[in-house]
Amino acid sequence: MTSLQRAALSLLAGVFMVACARALPPPGGDLDETPPQVIATTPEEHEVITDLDGAVVFHFDERISERGAEQSVLVSPSTGEPRVKKGRRELRIELPGGWKPDQVYTIVLLPGVRDLFNNERREPATLVFSTGPPVPNTAIAGIVLDRLTGRPAREVVVQATRRADSAVYNTVGDTAAFFAITNLPPAIYDVTAFHDQN
């Protein structure tokens, strides 16, 4: 083989290698860019369960990250700081002293839960269940405005406090400043909204 033939063969091999270098999806499929989705809860939505003993569970469609998991829930009525434990594909929520009888509970899963690829949930998810009475079809809803600017106050904590016994029900406003606290026992409530800086 002549030196000219060797040079032509080297050039042809180089062109072939460059032509083969193209972007491909990573092995195993496309890159995951979707935040974890809630696929089930225990108890189920609006379930009446008079003997709930143990954790309330949010089940996800994929593994979730440790990051931010323990500060990711609001429980109403508020009877103490909830204990949140992360499993591979679940969050388990317990209350000190357990779930009280004859209550309608609302658990808000806050934005911020992430998967292992750092895809973050941006909207809250809500679970309502009862340990006794039927779940009422009631709501307090509205838009939160900043009292100084008059503009929508986004991503605020909203609390409804029942006047009769000071029971507190919590939710969060969404990115459009809208909030809804649903399935409240009928009563008179005082509503407060604030930015949680902690």
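Here, every reference points to the structure presented above.
Residues numbered from 1 in each chain as written. Predicted model: local features only at pLDDT ≥ 70, side-chain atom pairs only at ≥ 80, totals over all residues. Heavy atoms only, no water.

## Observations concerning the pattern of salt bridges
Applied cut-off: The term salt bridge refers to a side-chain nitrogen of Lys or Arg lying within 4 Å of a carboxyl oxygen of Asp or Glu. Under the scheme used here, helices are H or I runs from DSSP no shorter than 4 residues and strands are E runs no shorter than 2 residues, and both carry numbers assigned from the N terminus. Only protein chains enter the accessibility calculation, which uses a 1.4 Å probe. A residue is then buried if its area is under 20% of the maximum for its type, exposed if over 50%, and partly exposed in between.
Across all of its chains, the model carries six salt bridges by this definition. Between Arg83 and Glu94 there is a salt bridge whose closest N-O contact spans 4.0 Å. With Arg83 in strand S4 (residues 83-86) and Glu94 in strand S5 (residues 90-94), the pair connects residues that are 11 residues apart, well separated along the chain. Using a relative accessible area of 24% as the deciding quantity, one classes Glu94 as partly exposed. The salt bridge involving Arg163 is made with Asp190; its shortest N-O contact spans 2.9 Å. Taken together, the residues span a long stretch of sequence, with Arg163 in the loop between strand S9 (157-162) and strand S10 (168-172) and Asp190 in strand S12 (residues 189-194) at a distance of 27 residues. For Arg163, a relative accessible area of 54% corresponds to the exposed category. One connected set of salt bridges, linked through shared partners, spans Arg114, Glu120 and Arg122.

## As for the sheet that holds strand S7 (residues 125-130)
Keep this limit in mind: Here, a strand pair is defined by DSSP locating no fewer than two bridges between the strands. Simply put, an axis is a line fit to the C-alpha atoms, just over the touching stretch for a helix, and the angle between two N-to-C directions goes from 0 to 180 degrees.
Strand order in the open sheet formed by three strands is S3-S6-S7, with antiparallel pairing between adjacent strands. Every interior strand has two partners, whereas the edge strands, strand S3 (73-76) and S7, have only one. Shown here is a sheet whose adjacent strand axes are inclined to one another by a mean of 15°, direction ignored. Looking at chain direction, strand S6 (residues 104-109) and S7 are connected through six bridges and run antiparallel. Bridged to Leu109 within S7 is Ala125.

## Points about the layout of surface pockets
Heads up, the condition is: Cavities and pockets are found on a 1 Å grid laid over the protein atoms alone: a cavity is a set of points where a 1.4 Å probe fits but cannot escape, a pocket is an open set with protein on both sides within 12 Å along at least five of seven lines, and a lining residue has an atom within 4 Å of such a point. Grid points are joined across faces, edges and corners, and a volume is the space filled by probe spheres set on the points. Classification convention: Asp, Glu, Lys, Arg as charged; Ala, Val, Leu, Ile, Met, Phe, Trp, Tyr, Cys, Pro as nonpolar; all other residues, Gly among them, as polar.
Quantified by volume, the largest pocket comes out at close to 1,100 Å³. For the lining of the largest pocket, the per-class residue count stands at 14 nonpolar, 13 polar and 11 charged. Surrounding the second largest pocket, 14 residues form its lining, Pro124, Thr126, Thr171, Val172 and Ala180 being those nearest its centre. When contributions to the lining of the second largest pocket are tallied by element, the ones reaching two or more residues are S6, S10 and strand S11 (178-182). The element that contributes the greatest number of residues to the lining of the second largest pocket is S11, accounting for five residues. Looking at the lining of the second largest pocket, its residues break down into seven nonpolar, five polar and two charged.

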